[in-house]
Amino acid sequence: MNLSELGWSDFFAHSFEAYRVQGYTVGRVALEHKQAYTLYAEQGELSATVSGKLRHQATAAEDFPAVGDWVVVRIRDEGQATIHAILPRKSKFSRKTVGGKTQEQIVAANIDTVFLVAGLDHDFNLRRIERYLVLAWESGATPVILLNKADLCDAVEERVLEVEEVAIAVPIVVLSAAQNQGLDALQPYLKPGQTSALLGSSGVGKSTLTNQLVGTAQQSVQPVRQGDSRGRHTTTHRELLLLPSGGCIIDTPGMREIQIWSEGAGLEETFTDIEALAEECRFRDCQHQQEPGCAVRQALEAGALDERRFASFQKLQKELNYLIRKQDQRATLAEKEKWKQITKSLRKMNNR
């Protein structure tokens, strides 16, 4: 396989150099299932597991390889390899794991373009698009919004205008994957060496789109419910697929629950209009409630800022603040545990 078509670049080559002189090779994670991996490499497709050292040093899920990662490997036998390290990621689309734990789940790594797929049917939801945009901007990749199922919508132009209001300066592509319409507009993002990822809720048509782009029925598709246009998870795992154009695309399962994982930059980028208004408030710590000279409240009262968009911003900001507090608590506990183990080890050494 041609590494440059898989996305290999000077960014990764620089980090790999120290391993190269030791005789290691590289592969890109195409599929992960219960910590068993399928890799694409110059030698072809490899089956791989992580080394005992890498497993021992991992302290969280994000320390294990994710789909899209470039990994340092040693080939054992024909088609078998051991993963010894993960090369630094140039981008990663992450969310908080589902449930009560405050942990990061990497959905896709080393992506250039995040295709945020939304259906132009009954499941169209501007607030969900905003939520995805926060994570997309945080990832370090470029977001592009794909409005799918145009053949099922009688008000396409109105929908596009609504999305433009919340997705400021983000490219928007209208298409119908099922009818193979509008897909040519995606070609600039699917060039050799480029990696894109499809993100979106169940039933928005990601699997149908993947099949059209790859040119074969890689992913099974199922009909959505008539009442709300929601679908079942037709894609059950994340997978990096090779495109006829020479690029790569990562298909992902539909996300019924998309929880924020951000340091704040994604929120600011998504709501640049509100952030710009906040800069004009009289007080730097304005909460946009009843403070005098609040530019945000003035915009709301004048109708220049949509109440629903501002409520969405407040909700996501509250989630982000809560997440940051939980992350700080987790980091503090991890540091305490680390020094506890160091102290234990020192006592054992002194008692010998």
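To start, this report covers the structure provided alongside it.

Take the packing of aromatic side chains next. Taken as a whole, this structure holds nine aromatic pairs when the rule is applied. With centroids separated by 5.9 Å and ring planes inclined at 85°, the aromatic side chains of W8 and F16 adopt a geometry described as edge-to-face. Comparing W8 with F16, the two get one shared label, buried. When the ring of F115 is compared with that of Y189, the centres are 5.8 Å apart and the planes differ by 90°; the resulting orientation is edge-to-face. Separated by 74 residues along the polypeptide, F115 in strand β8 (residues 113–119) and Y189 in the loop between β10 (172–174) and β11 (195–199) bring together distant segments of the chain. Accessibility expressed as a relative area gives 0% for F115, which makes it buried. Residue Y189 is classed as partly exposed on the basis of its relative accessible area of 22%. Through a chain of ring-to-ring contacts, three or more aromatic side chains come together here, namely W8, F11, F12, F16 and W70.

A few words now on helix α4 (residues 156–166). Looking only at α4, the buried set comprises V160, V163 and V166. Looking straight down α4, one finds its buried side chains confined to an arc of 125°; they lie on one side. Residues of α4 that are exposed and point over 90 degrees away from its buried face: E157, L161 and E165.

Helix-helix packing is described using two parameters, namely the angle between the two axes and the distance between the axes. Where helix α3 (residues 126–139) meets α4, the closest approach of the two axes is 10 Å, and the angle between their N-to-C directions is 40°. By the criterion of interaxial angle, the relationship of α3 to α4 is oblique. Regarding α3 and α4, the two cross each other, and that crossing is right-handed. Listed contacts from α4 to L126, R127, I129, E130 and L133 of α3 are E162, V163 and V166.

A regular strand carries its side chains on alternate faces of the sheet. Across four bridges, strand β1 (residues 25–33) lies against strand β4 (residues 70–75) in antiparallel orientation. Along β4, the bridge assignment pairs V26 with V72. In terms of strand pairing, β4 meets strand β5 (residues 80–86) through five bridges, oriented antiparallel. Bridged to R74 within β5 is T82. Between the antiparallel neighbours β4 and β5 lie four residues, among them G79 with a positive phi of about 75°.

Reading the values: rules and limits
Residues numbered from 1 in each chain as written. Predicted model: local features only at pLDDT ≥ 70, side-chain atom pairs only at ≥ 80, totals over all residues. Heavy atoms only, no water. Phe/Tyr/Trp six-rings, centres within 6.5 Å; stacked < 30°, edge-to-face > 60°. Buried < 20%, exposed > 50% of the residue type's maximum accessible area, 1.4 Å probe, protein only. Helix = DSSP H or I, 4+ residues; strand = E, 2+ residues; numbered from the N terminus. Arc of directions from axis to C-beta. Axes fitted to C-alpha atoms, helices over the stretch in contact; angles between N-to-C directions. Parallel < 35°, antiparallel > 145°, perpendicular 65-115°, else oblique. Left-handed = near helix turned anticlockwise from the far one by under 90°. Contact = heavy atoms within 4.5 Å. Pairing = 2+ DSSP bridges.

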